[in-house]
Structures are given as structure tokens and as C-alpha cells.
Amino acid sequence: MTSVATYPITETATLRPKLQRWQQLGLLRPLDVVLVQMLQSTMLQSTSLQNQASAQPTAVATNEMPDEFWLWLALGSSQLAQGHLCLDLTQAFLKPDCLQSASQFAKAGSAELHAFVRKQQLPKVLELFSQGHPWVEVCNGAASSSTAIHAAASNESAKLPLTTPFVLSGERLYLRRYWQYEQHIADFIQQSSQLTQQMRQQFPASQVQNWLAQLFPAAGKSAQPHTDWQQLACAMAVSSRFAVITGGPGTGKTTTVVKLLLLLQQVQNALHQVSRPLTIRLAAPTGKAAARLSLSVTQALQKLTPDLGWDPAVTISIPTEAQTLHRLLGSGPDRAQFRYHRDFPLPLDVLVVDEASMVDVTMFAAMLQALPTSARLILLGDKDQLASVEAGAVMAELCRDAQQGGYSQHTADWLAQLTGQQLPAQFISAAPQLLEQQLVMLRTSHRFGADSGIGQLATAVNLGDDVTALKILQQPPADLRWLQFSPESADFSFLVQHGSPDQALAEGFAGYLALVKNPPAATATAADFDRWALAVLQKFASFQVLAAVRQGKFGVEQLNLRIAAILARQQLIPRTEGWYPGRPVMVVQNDYSTGLMNGDVGICLPRAETAAGEPQLRVVFVSADAKTPVRWLLPSRLPQVETVYAMTVHKSQGSEFGHVVLVLPEQGSSLLNRELIYTGITRAARQFSLLCADGNVLQQAVLQRTERSGGLRLSS
């Protein structure tokens, strides 16, 4: 058994029991404790060696730093587990409970944190960090990463290490690596703005104006003038090095970006005598998001291009196959880093990333490092969805003020020149920020009309209007249901079979399982099996149970066991364990040998008969390659998987289902929040059902927001 190394803390004997108690209370991880012990031990040894070699002992010694200093460093490290990029000291003094993980919130831990903070003052803590230069570099203001990252190395007189493990920027305490990530992103935004201004000086504005009119013919023909945000997004992005297009479900993000890519190729042809189409790549954080993007782009191209009358070569130059970001950057089990990086950039001119809200700060920084200096980056996503599982909320920070517009008059004039549209006055700011000049929010949903209950409920939740959300559910339109029974009830059993608690519809799990029981004949062609498998996968996606939590009666683990037992009792599946026809599974770890990524969903199907007359089971997945719609794999080749009749809301991101049943626990929890409810609702395309016994649970969740600490807005 491998033991974890510990580091002696002989000079601060009072600190050890404090660290141990905080770990027991769930305030710190073992990693945070070991980090502090290691820093103390390393610096103590360094100080001892320096004193032995020098007639004048060094002024900095480990025992001069009080316990509070080390406890703050441990808390700074622990914030990563909660998704924060940094420890926001201002927030910590205002709300000490924000230092505690929502999933492990405890009254004892809360009392401990309040007592710890109450004994101190923020100015004194900042002064304490300024004295801890071997461990903390104080960075005043938003210094550029090109200079500040190496600031410690330039201070030879103080004999500082090349880089300190922590950075204090203003009142935010970072682990250095994450501060660097944030600085890289901020630098990219600044540089992109400068390159955009240079680009627009040689931009074929008059030609682009004509092309935009062809792509958006309705924009100039409406009897009632209205703002066409899709056209404005195209105009902004086609003339920018970096652009963010955000919007809720059904606002046309994919359609907009396809028109944008066609427009970019037209501009490329206009600016260069020799026709060399732009090299464009499409990417998404997960395999299923990439597959969905591929399908959406293919469908949008088929719908758009016949009416344009443009050169067919332009259409051919638009890619229809998306990749995961990991695969795009060249990740692999045998590589310590991505294949593509600053010194070996990606071979592309334009990168489009969909579902950008799911991209954590580490991946975002790696993506920027791998971009060629001349390449364009276009981000698509819904700013109000759940943030990435790992640390950071880059998309949410970038789009924090998107609702208000915040455009400069210069930007408004530029967009008017290209589109003929005048931005409404409320979206023009007297004090514009840099980010807003590279961002457009799509504001009209084409999926949910004015009478759509799903759209109304999603809007109420997104605005934090818990009262209206509850009223909508109490008198729901046809596409909404509020179910107040238990997952242990007969009503729930009927629901998961038929998609309704009171009607025998073919919309629950019984629908796809009926297809599973009717495979092609053993003599059928491979194409026949592919078509059948694709139909099964599509039918399975017409109904999905989502849960807010993993454990407990209302969690994913118990729901999957219960649903499997229900289906087995009804003889819809042959058994509940092992591999069997119809078993849906989700991949829970990336596997580069098979190309399967965490979150990919497949279904076990009989592929052919064996010599013994038994079906040969394979697991079929949707392929991101339009030429091969599905992939068949032996169960033994798969990485770790879980049965997935029910999945967490987090895992559902990047997916769309016909009918979604969102299961909330009986009691409120700090894990339930506005973003989670909104994400669950907006996974539904046609029907949404909320299974929740108490409306107060929903209201509490709607009023609770997820806020992740970071300084990207301040840095950029």
C-alpha cells in the first residue's frame, strides 16, 4: 500500500491540529494539507541551508509566518475543488460560507470559518501576504502575463525562487498556474481587439454588406422594423479576430455560424487573387456535443445553400465534421502534453467551438496556446447553462454583461455600415468595455414560441423569478407537467414506460425497446443494421430522465436501479445486470484507443447470430462522421461505463431530448441552483416534466445562483 508523504511542521506545532480539524470538517482536501506542509518544510530547509552558509541569517524564516497565513494558503488551494479559479478575499470576509464546498456544507464547518474570519481584518491579511514573498507574489493590478509571470525571477537581491506557488492579484489569491491561465486569456482578448482594428482597415465592407443581405433577406423586408441579432452576430464576427455568440436554446447559434463560415470564405476569395479557402475546424468539449454540431452544420448547409446561388466551391469548403477539443489538440495516453501548442500550432485559419460554457479554464488556455497568431476563434454557447465541471467559468465571465449590450458608438456605427441596422439605444454604452465589442447575444428563440411553456419556464428561472416559475407549473401549458409523486410510485413506473403517468404513449423507454426487439434479419446488410441502430439511438433520445444529484432516493444511482427493475418486470429487458440488448450506457472516462469520450452514450444491441444461436452483442454509438452514422464496438473494448436510463443534469449538457423528466429531491439543497434547473429545462425540445413533490424546493433552487471566483473581467 502506497503511503502519502508527510512533511514535518516542527516550528508551527499549533498549525497541525488546525489543518487536521479543517480536513475532518471537509473544509480542506488532503492535497491542500500536504501542499502547506510541503511549502513549510521546503522553505525551512532552504532557510536553514542559507543560514549555515551565511554570516548574516536570512530575514525570512518559516516560524515568522503565523498560522493564519498558512491556513489562508490552504483555503486558496481548496477553492479549485469548488470550481473557483481563486480565493476572493473580499467575498470571504463578506460571506465566509462561500469558502465551504456546497456539496459538503456543514454547520460545524460554517462555524469554524466564521470564527476564523471574524478574528481578522482584510487589510491586515493583505499586509500578511505582502510579507510572504517566498510563497506569494503580490501583483498589483492586471499586469500582462508576458511581464508579471516572470517578476519573481528579476528580484535577485531578495533571493526569491523563480516562481512563487501563489499569486495575490488585488484581493484575489491564486495558485500560480491558474493565475497564468487567466492572464493568457486576458492577453488574447486584448491582442484580438488590436488585430480586429487592423483587419477592419482593409475590410471589403461594401461586398460584405451585399453578401449579408443575401444571407439574411428577411432583415430588410420586414414591415415592422426589428433587430436581426443573427445578422449582427455575422457582421461582428466576420470582421473580428475573436468573437463570442451566445444565446439560449433555439436562438439559431448553429445557423448563424454556418452563414458566418460561408461569409468568411467569400471574404477570403475577395481579399486574395489566388483562391485558397480558409482551413476551418469545428470542435466541442464532448463527443456527443461534437456529433450534434456535425449534424446541425450538415442540416443547415443543406437548407441554406440551394437558395444562395453562390459558387459551390464555397459550400464544399465548409467542414461538416466536428471533433472533441481533446482530439483536435492531439491528446493521447502516451503524451504528457497536447501535440499542438505554442511552438507547434494547429494547422487552421478558423476555429469554431460549440458548447463553450463546458470548457474549463485549463482547456481554454491550452486551446489559445495552440492557435496560430493569425487564426480566428469563434465561441458558441449559452452563457446561462451550468459551468464546466473543472475550475473556471470562462463563458459566463466573458458574457457577464451580454444582456445589456454595452456596445460603443464606434461598434454600433460599424455594424450599421455592414447591415444597415441601427442598434437600439439601450444597447449602446457611454462607458463601453473591450469584451462587449467582440460579443453578440441572440435574443429571439425560434424553438419556443410565445405560447411555449418550456420557453416561459426557462425565462422565469433564468431571471430568478421563482414566483412566476411556480405559477407557470401550477397552470401549465400543454408542453409542461408538474408531477408530485415519488419515484417509488406506480405513476413513476407508468411514466418511464410510456412517457406519461396517465396515457399509454409510445414515448417512454418502451418505445426504443420495442425497436430493439425487432432487429434486421441475420442476412441483412451492414447498412441495414446501421439504419436500425441509428433509429434506436434516435428513439432513445426522445425521452430522458435527468437528476440533480447522484446519490439518494432521487439520485441517478437509485433511479437507474429502479428504472431497470421496472423495465425487467414488464419484460421489456431480459435482466438488470451485465450486458443485455437495450442496455443504455454512458462512457465515464476518455478513451483515445476507441475515440470515445466522457459523456458519450451508446446502446447495447444484437449485431448478428453466433454459432450457438445467441445474438452477438455490440454497443452502438452515434458517429461524428456523416459518412458513417454509427460505430459498433464490442463491450469488452469499452472504457468504464454506467447504465444511463437516468443521467445527471451536468452530463446532459450538449444534448437535446424530445421529452425531459427532471427529478428534484424532496428537500432543498445547496447543490440545487438556478443554472442547474435552467439547463435541465432547456434540454427538452417538445415536452418537459418536473418531478418534485414540494414547490418550495424549486423556488429555493431558482433563487440560488452559482458564482465562481475569478478575475478575467478585471484582467481584460
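Residues numbered from 1 in each chain as written. Predicted model: local features only at pLDDT ≥ 70, side-chain atom pairs only at ≥ 80, totals over all residues. Heavy atoms only, no water.

Next up on the list: the sheet that holds strand β2 (residues 136-139). The 4 strands are arranged β1-β4-β3-β2 in an open sheet whose pairing can be described as mixed. Strands with a single pairing partner mark the edges of an open sheet, and in this sheet they are β1 (87-88) and β2. Note: strand β3 (residues 166-169) against strand β4 (residues 172-175), 4 bridges, orientation antiparallel. By the bridge assignment, S169 is partnered in β4 with R172. Helix α3 (residues 67-78) rests against β1, β2, β3 and β4 of the sheet, and its axis sits at about 70° to β4. In the packing of helix α6 (residues 122-130) onto the sheet, contacts are made with β2, β3 and β4, and the angle to β2 comes to roughly 115°. (Pairing = 2+ DSSP bridges. Helix = DSSP H or I, 4+ residues; strand = E, 2+ residues; numbered from the N terminus. Contact = heavy atoms within 4.5 Å. Axes fitted to C-alpha atoms, helices over the stretch in contact; angles between N-to-C directions.)

Let us now look at the environment of D466. In this fold, D466 is placed in helix α19 (residues 466-474). In this structure the C-alpha to C-alpha distance between D466 and A701, which are 235 residues apart in sequence, comes to 8.5 Å. The residues contacting D466, other than those within four sequence positions of it, are Q699, V702 and L703.

Next up on the list: the pairing of strand β5 (residues 242-247). Along β5, 6 of the 6 residues are buried, which leaves the element largely enclosed by surrounding structure. Inspection of the sheet shows β5 paired to strand β10 (residues 439-442) by 4 bridges, in the parallel sense. Counted as the bridge partner of T246 is M441 from β10. (Buried < 20%, exposed > 50% of the residue type's maximum accessible area, 1.4 Å probe, protein only.)

Another point: the packing of aromatic side chains. Under the counting rule described, the total for this entry stands at 19 aromatic pairs. Between F69 and W70, the ring centres sit 5.1 Å apart and the planes meet at 80°, which makes this aromatic pair edge-to-face. Taking 6.1 Å as the distance between ring centres and 20° as the angle between the ring planes, the aromatic pair formed by F509 and F540 counts as stacked. A residue pair is termed long-range when its members are at least 10 positions apart, and F509 in helix α21 (residues 509-516) and F540 in helix α22 (residues 526-540) qualify at 31 residues. Considered together, F509 and F540 belong to a single accessibility category, that of buried residues. Lying over the aromatic face of W579, R583 brings its terminal NZ or CZ to 4.5 Å of the ring centre. (Phe/Tyr/Trp six-rings, centres within 6.5 Å; stacked < 30°, edge-to-face > 60°. Lys NZ or Arg CZ within 6 Å of the ring centre and 35° of its normal.)

Under the criterion given, the structure shown has 15 salt bridges. Notably, a salt bridge pairs R21 with E112, separated by 3.0 Å at the nearest N-O pair. Separated by 91 residues along the polypeptide, R21 in helix α1 (residues 15-24) and E112 in helix α5 (residues 107-118) bring together distant segments of the chain. Here R21 falls in the partly exposed class, since its relative accessible area comes to 39%. The partner of E488 in a salt bridge is R562, with the nearest N and O atoms 3.8 Å apart. Here the residue E488 occupies a position in the loop between β11 (480-483) and α20 (490-498), and R562 occupies one in helix α23 (residues 556-569), the gap between them amounting to 74 residues. In this structure E488 comes out as exposed when scored by relative accessible area, which is 52%. (Salt bridge = Lys/Arg side-chain N within 4 Å of Asp/Glu carboxyl O.)

The side chains of a regular strand alternate between the sheet's two faces. Along β4, one buried face is formed by R172 and Y174 and the opposite face, lined by L173 and L175, is buried too. Inspection of the sheet shows β1 paired to β4 by 2 bridges, in the antiparallel sense. Residue pairing across strands places D88 opposite R172, the latter belonging to β4. Hairpin connection between β3 and β4: a loop of 2 residues separates the two successive antiparallel strands, and G170 in this loop has a positive phi of roughly 65°.

This part covers the packing of α19 against helix α26 (residues 695-703). For any two helices packed against each other, the geometry is given by the interaxial angle and the distance between the axes. It is the contact of α19 with α26, at a shortest axis distance of 9 Å, that shows an interaxial angle of 140°. Where α19 crosses over α26, the two elements pack in a sense that is right-handed. Residue-level contacts link D466, V467, L470 and L473 of α19 to G695, L698, Q699, V702 and L703 of α26. (Left-handed = near helix turned anticlockwise from the far one by under 90°.)

Okay, the packing of helix α9 (residues 205-215) against helix α11 (residues 253-271) next. Running from amino to carboxyl end, α9 crosses α11 at an angle of 150°, the nearest separation of the two axes being 11 Å. As far as their axial angle goes, α11 and α9 are roughly antiparallel. Along this stretch, α9 crosses α11, giving a crossing that reads as right-handed. Contact residues: Q207, V208, W211, L212 and L215 in α9; K259, L262, L263, Q266, V267 and A270 in α11. For the contact of α9 with α11, a count of residues per class yields 8 nonpolar, 2 polar and 1 charged. (Parallel < 35°, antiparallel > 145°, perpendicular 65-115°, else oblique. Nonpolar A, V, L, I, M, F, W, Y, C, P; charged D, E, K, R; others polar.)

Phi at E355 is positive, roughly 50°, even though this residue is not glycine. Inspection of the secondary structure puts E355 in the loop between β8 (350-353) and α15 (361-370). Overall, E355 belongs to the buried group, its relative accessible area being 10%. One non-glycine residue with positive phi stands out, namely Q571, at about 60°. Relative to the helices and strands, Q571 resides in the loop between α23 and β13 (584-587). On the basis of relative accessibility, which here comes to 63%, the residue Q571 falls in the exposed class.

What follows deals with the confidence of the model for the chain. Of the residues in the chain, 87% have a pLDDT of 70 or more, and the chain-wide mean is 84. Within the chain, the element-level pLDDT minimum falls on helix α7 (residues 145-148), averaging 39, and the maximum on β8, averaging 96. Confidence over residues 57-63 falls short of pLDDT 50; this stretch has 16 contacts with residues more than four positions distant or in other chains. For the stretch residues 142-161, pLDDT sits under 50, and the model shows 30 contacts to residues farther than four places along the chain or on other chains. (pLDDT = per-residue confidence, 0-100.)

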